[in-house]
Amino acid sequence: TAELVGNNISKVQRMLLEGRLQIRQYKDQTGQNHYITEVVADRVEFIEPKDRAPQNAGGFEKMGEEVPMKFDEDIPF
């Protein structure tokens, strides 16, 4: 599945992935703990063709930035 996705999707192209996160732990030669987080995909669906993918990250470039909350202080009930 990883090879299929890696060969057929571009960075900004959207896809649907169904699966789970798997976190593994191991110790290196010095005894230090390391953690690996993997995405284990059960199902992958390409939801837009490569030629129709947006040229930018489609709004995802702002992920992690604080979004200002603007709302009316008066509650109508």
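Keep in mind it's a predicted model, so treat the numbers as computed, not measured. (Residues numbered from 1 in each chain as written. Predicted model: local features only at pLDDT ≥ 70, side-chain atom pairs only at ≥ 80, totals over all residues. Heavy atoms only, no water.)

### A word on the pairing of strand β2 (residues 33-46)
- Judged from the 13 bridges that link them, strand β1 (residues 15-27) and β2 form a sheet pairing that is antiparallel. The residue bridging L17 from the neighbouring strand is V44, located in β2.
- With antiparallel pairing between neighbouring strands as the criterion, β1 and β2 make up a hairpin whose turn holds 5 residues, including G31 at a positive phi of roughly 90°. (Pairing = 2+ DSSP bridges. Helix = DSSP H or I, 4+ residues; strand = E, 2+ residues; numbered from the N terminus.)

### Some points on the pattern of salt bridges
- Applying the stated rule across the entire model yields 3 salt bridges.
- For E38, the salt bridge identified is with R24, shortest N-O distance 2.9 Å. Here R24 lies in strand β1 and E38 lies in strand β2, a separation of 14 residues in the sequence.
- With relative accessibility at 25%, the residue E38 sits in the partly exposed group.
- Among the charged side chains, a network of salt bridges with common partners joins E18, R43 and E45. (Salt bridge = Lys/Arg side-chain N within 4 Å of Asp/Glu carboxyl O. Buried < 20%, exposed > 50% of the residue type's maximum accessible area, 1.4 Å probe, protein only.)

### Some points on a nonpolar patch on the surface
- Nonpolar side chains collect at one region of the surface, where L17, L21 and V39 lie side by side and expose about 290 Å² of accessible area between them.
- With respect to the secondary-structure elements, V39 resides in strand β2.
- Under the relative-accessibility criterion, V39 is labelled exposed at 54%. (Patch = residues over 30% accessible without salt bridge, like charges linked within 9 Å, V, L, I, M, F, W, Y side chains within 5 Å. Areas by Shrake-Rupley, 256 points an atom, 1.4 Å probe, with all protein chains shown as cover.)

### Regarding the environment of Q25
- The residue Q25 is located in strand β1 in this model.
- When its relative accessible area of 47% is taken as the criterion, Q25 is described as partly exposed.
- Separated by 12 residues in the primary sequence, Q25 and T37 have C-alpha atoms spaced 9.0 Å apart.
- Setting aside anything within four residues of it in sequence, one finds Q25 in contact with N33, H34 and Y35.
- A polar contact of 3.3 Å, which involves the side chain of Q25, links it to the side chain of N33. (Contact = heavy atoms within 4.5 Å. Polar contact = N/O pair within 3.5 Å; in protein donor to acceptor, adjacent residues only side chain to side chain.)

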